[in-house]
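Geometric and topological summary
Here is how the chains run, residue by residue.
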Amino acid sequence: MKALAVLLLFVGPLHAGDLIEHVRSHPDGKAAFTFEAGAWSDAEATRHLPIGVFDSGIGGLTVLEALLTLDVFHNDTLQPGADGVPDFAQERFIYFGDQANMPYGNYSAVNRTDYLRELIVKDAIFLLGRRAWPVQGETPLYTKPPVKAIVIACNTATAYGLEDIRKALAAWKLPVIVVGVVEAGARGVLESNTTGGIGVLATVGTCASGVYPRTITQTLGLAGKSVPVIAQQGSPTLAGAIEGDAAFPDSVAAYALKEARALAEAYRDSKPQAPLQTIVLGCTHYPLAKSEIDTAFDSLRKEAAFSQMIAEQRLFVNPAEATARELFRELARSKLRLKPGETCALDRGQFYLSVPRVEEVGIQLTADGSLDKDYKYSRSPGQMDFEDTKNIPLTPDLLPANSLKLVRERLPAVWQSLTR
Ligand code: DGL
């Protein structure tokens, strides 16, 4: 019993430990959920590897857009300030969206966070490895390059998986850095110099984990700032509505108003001294609905119950931008950044999406390409040699029409990279 307690303390929950061992026992990286152990043995070659970005689906493309367009540093001197050259101009990105297993934000509500945690570590393993499936074909290929850094573009995945991934990277002794949206978002709150209260809008899972209040409190505390009231509101619908999912027939504005009202009520119940001023857009999709969310708070201010409770001007924290800045600093700090004039081993970005292995597993699909809901939430961790989904190159025709429209109209840098 004591030995088990010590083991749990050391490797965390056993399923993360299982994956650590599974990878160790397949050093050639040919098996499912493994990668080639020696891929980072040459430090100079490592620096020229691409950067991996993953999310539960396509929402994380908002983070990729921020990565592709960030220009807040001088590329030569690394000093703050735009220089007209995107800060990651030399780098290339590999994006992975676990569309078949999404939404990650709803696993906690059905008590499947242990399975979700395994999925998240498997996402990181995919980015570290060379193994990916072709669109057509019976066997995986080994042509995808490994990565030198992992950006967890998903708030829910950061909430439930960042520590597991850090633990696993340390256990495998890899020189790979990992950046999650939540720590970066908390830093964004600090940099917003808010004088009012803080509201977090996120998925149900992210809110249930308490990760934002905890991380914001730590970040403000470490900077010597007092911590104002932090309220949060988890939505099971807003992300789907923003994606245009037919299951959510009302307008984005209507869902945004519902969530803004619930957040304002939660804030009021905490008996704050100052009005709610800073809103953290704690879900990948929410930056795309910033104006609807802001309008919702404007209309709530017209109600007597909230007129003094909500600041006239809100400050929005978009963790995507904060994450891009954090990645720049981390790459520079760990000497993994490509300098002006240098080139990545990959000449253009790559995109992958998970899809159900329908024929092999005999499962039903939903309209957005994800697994059937009953099947999805019935699974348990510990499956190392069975793949019910496969990660294939993402081409525009694989995206539902609404998602495609969203990317084309709202994420131009991503669209250009995807359709080059
Ligand atoms: N990407 C998720 C997040 O940022 C939202 C979508 C989902 O629940 O999978 O939390």
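Predicted model, so just to flag it, every value in this text is computed and none were measured.

Before going further, it helps to spend a moment on the overall build of the chain. When you go through the chain residue by residue, the secondary structure sums to 17 helices and 10 strands. A compact globule built from 420 residues would reach a C-alpha radius of gyration of about 22 Å, and the chain, at 21 Å, matches this within 12%. By principal-axis analysis of the C-alpha atoms, the chain measures approximately 65 × 55 × 55 Å. Counting across all 420 residues of the chain, residues that qualify as buried make up 55%. For the chain, the proportion of contacts with a sequence separation of at least 24, taken over those separated by at least 6, is 76%. Of the roughly 17,800 Å² of accessible surface on the chain, a fraction of 54% belongs to carbon and sulfur atoms. Each charge class in the chain can be summarised by its mean position, and for the 42 positive and 48 negative side chains these summaries are 4 Å apart.

Let us look at the nonpolar core. If you look at soluble globular proteins, the nonpolar side chains tend to sit buried side by side. Counting 62 residues, the largest nonpolar core has Leu61, Leu64, Leu67, Phe88, Ile293, Phe297 and Leu327 as its most contacted members. Among the elements that take part in this core, helix H11 (residues 252-269) stands out by supplying 6 residues, more than any other. Setting aside anything within four residues of it in sequence, one finds leucine 327 in contact with Ile51, Leu67, Phe88, Phe93, Ala149, Val151, Ile177 and Val179. By size, the runner-up hydrophobic cluster in this structure holds 61 residues, among which are Cys154, Val211, Leu338 and Cys344.

Okay, the site of the ligand next. Near the ligand the following residues occur: Asp55, Ser56, Met102, Pro103, Tyr104, Gly105, Cys154, Asn155, Thr156, Thr203, Cys283 and Thr284. Contact between the ligand and glycine 105: an oxygen atom at 2.8 Å from a main-chain N or O atom of the residue. Asparagine 155 is positioned such that a nitrogen or oxygen atom in its backbone is 3.1 Å from an oxygen atom of the ligand. For the shell around the ligand, the residue count by class is 5 nonpolar, 6 polar and 1 charged.

Right, let's get into helix H6 (residues 155-171). For H6, with 17 residues, the first-to-last C-alpha span of 24 Å sits near the 24 Å given by 1.5 Å per residue. The sharpest bend along H6 measures roughly 60 degrees and falls at glycine 161. Among the 17 residues in H6, 12 count as buried, and that is most of the element. Within H6, the full set of buried residues consists of Asn155, Thr156, Ala157, Thr158, Ala159, Tyr160, Gly161, Leu162, Asp164, Ile165, Ala168 and Leu169. Of the residues trailing H6, lysine 173 is marked for its positive phi of about 55 degrees.

Here is what the cut-offs are and how they apply
Residues numbered from 1 in each chain as written. Predicted model: local features only at pLDDT ≥ 70, side-chain atom pairs only at ≥ 80, totals over all residues. Heavy atoms only, no water. Helix = DSSP H or I, 4+ residues; strand = E, 2+ residues; numbered from the N terminus. Rg over C-alpha atoms; globule rule 2.2 N^0.38 Å. Buried < 20%, exposed > 50% of the residue type's maximum accessible area, 1.4 Å probe, protein only. Contact = heavy atoms within 4.5 Å. Areas by Shrake-Rupley, 256 points an atom, 1.4 Å probe, with all protein chains shown as cover. Lys, Arg positive; Asp, Glu negative; His and termini not counted. Charge placed at Lys NZ, Arg CZ, Asp CG, Glu CD. Core = buried A, V, L, I, M, F, W, Y, C linked by side-chain atoms within 4.5 Å. Near = heavy atom within 4 Å. Polar contact = N/O pair within 3.5 Å; in protein donor to acceptor, adjacent residues only side chain to side chain. Nonpolar A, V, L, I, M, F, W, Y, C, P; charged D, E, K, R; others polar. Expected span 1.5 Å × (residues − 1). Bend = angle between axes of the 7 residues up to and from the residue.

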